[in-house]
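What follows is the residue order along each chain.
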Amino acid sequence: MDDKKKISTIQMLAESAIMLALAVVLNEFTPFKLPFGGSVTFFSQLPVLIIGYRYGIKQGLLTGFLMGIIVMLFGLENFSYVTGIGSYIILVLADYVVAFSALGLGAMFKKKIRNQAVSLAAAGAVVSVLRFVCHFISGVTIWSGYADGQPVAVYSLTYNASYMVPELIITVVGALAVGSLLDLSSPRLKALKREKKEDK
């Protein structure tokens, strides 16, 4: 029993590390990038979402937290646009730590929605909205000086929606595809059996 538990823990940590690395790499492939942070990526949210689905919210949050820290390190230039300790704290939390940690909530509908693909996609939509809310809060607080005459709330809404709406769509599409093809509850990822796929 102990050996099996140890192997399971090693597998969880290994998969989390691999998926974290994949998420960070995908986050760097940006066909659309905004000047003060925020970009449309190729499924960069999906690996963390999958870890959360496979291993639970705790492991998912940890993986998302680590992604946030790494992405922050890649985007240190953003700290040059704000001043004051309060602004730095909001930037760290709202734009990175909390925003990306939310991606780990992939299992939020696992027990409520039996269809794996739909469950993962629904979680993908919700975590994308949560991440958007974090960035919106950041926009109306520390980035308000860049509104250029617009109402601050409108500026933050349009700025952050311009990349988070596509990110949401991409994540949901990816989640539906992965959830339809792979059995994410299996100890080893394998193709989803047809009869299980059609089970309601």
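Structure first, text after, so check above.
Residues numbered from 1 in each chain as written. Predicted model: local features only at pLDDT ≥ 70, side-chain atom pairs only at ≥ 80, totals over all residues. Heavy atoms only, no water.

Student: Help me understand unusual backbone geometry, please; the structure alone is not making it clear to me.
Tutor: Glycine aside, a negative phi is what most residues show, and trans is what most peptide bonds show. Phi at Phe-43 is positive, roughly 60 degrees, even though this residue is not glycine. Of note, Phe-43 is situated in the loop between strand E2 (39-40) and helix H2 (46-55). Take Phe-43: its relative accessible area is 35%, and that puts it in the partly exposed class. The phi dihedral of Asp-148 falls on the positive side, at around 55 degrees, and the residue is not glycine. The exposure class of Asp-148 is exposed, given its relative accessible area of 73%. (Helix = DSSP H or I, 4+ residues; strand = E, 2+ residues; numbered from the N terminus. Buried < 20%, exposed > 50% of the residue type's maximum accessible area, 1.4 Å probe, protein only.)

Student: What is the right way to read the pattern of salt bridges from this model?
Tutor: Close approach of charged atoms lets side chains of opposite charge pair. Taken as a whole, this structure holds two salt bridges when the rule is applied. For Glu-15, the salt bridge identified is with Arg-54, shortest N-O distance 2.8 Å. Note that Glu-15 is positioned in helix H1 (residues 2-28) and Arg-54 in helix H2, a separation of 39 residues in sequence. Residues Arg-131 and Glu-167 are paired through a salt bridge, measuring 3.8 Å at the closest nitrogen-oxygen approach. (Salt bridge = Lys/Arg side-chain N within 4 Å of Asp/Glu carboxyl O.)

Student: Just to check I follow, could you spell out helix H3 (residues 57-74) for this structure?
Tutor: Owing to its 3.6 residues per turn, the α-helix aligns residues three or four sequence positions apart on the same side. Taking 1.5 Å per residue as the helical rise, H3 with its 18 residues ought to reach 26 Å, and the 25 Å between its terminal C-alpha atoms agrees with that figure. Where H3 is concerned, the buried positions are Gln-59, Gly-60, Thr-63, Gly-64, Met-67, Gly-68, Val-71 and Met-72. (Expected span 1.5 Å × (residues − 1).)

Student: Before we go on, may I ask you to explain the nonpolar core in this structure?
Tutor: The tendency in soluble globular proteins is for nonpolar side chains to be buried side by side. Core analysis: the biggest nonpolar cluster contains 32 residues, and Leu-49, Ile-50, Met-67, Leu-91, Phe-100 and Leu-120 have the highest contact counts within it. Of all the secondary structure elements, the ones that give two or more residues to this core are H1, H2, H3, helix H4 (85-101), helix H5 (116-141) and helix H6 (152-181). The element best represented in this core is H2, accounting for six residues. (Core = buried A, V, L, I, M, F, W, Y, C linked by side-chain atoms within 4.5 Å.)

Student: Got a minute to help me understand the packing of aromatic side chains in this structure?
Tutor: The relation between two aromatic rings is expressed through the spacing of the ring centres and the mutual angle of the planes. A complete count under the given rule lists seven aromatic pairs for this structure. Chaining the aromatic ring pairs together yields one cluster made of Tyr-81, Trp-143 and Tyr-146. Over the ring of Tyr-53 we find Lys-110, and its NZ or CZ is 4.7 Å from the ring centre. (Phe/Tyr/Trp six-rings, centres within 6.5 Å; stacked < 30°, edge-to-face > 60°. Lys NZ or Arg CZ within 6 Å of the ring centre and 35° of its normal.)

Student: Looking at this structure, I do not really get the packing of H2 against H5. What am I missing?
Tutor: If you want to describe how two helices pack, look at the angle between their axes and the distance between the axes. Where H2 meets H5, the closest approach of the two axes is 11 Å, and the angle between their N-to-C directions is 125 degrees. Taken together, the axis directions place H2 and H5 in an arrangement best described as oblique. Here the hand of the crossing between H2 and H5 comes out right-handed. Where H2 approaches H5, its residues Leu-49, Ile-50 and Tyr-53 are matched on the opposing element by Gln-116, Ser-119, Leu-120, Ala-123, Gly-124 and Val-127. The residue makeup of the contact of H2 with H5, split by class, is six nonpolar, three polar and no charged. (Axes fitted to C-alpha atoms, helices over the stretch in contact; angles between N-to-C directions. Parallel < 35°, antiparallel > 145°, perpendicular 65-115°, else oblique. Left-handed = near helix turned anticlockwise from the far one by under 90°. Contact = heavy atoms within 4.5 Å. Nonpolar A, V, L, I, M, F, W, Y, C, P; charged D, E, K, R; others polar.)

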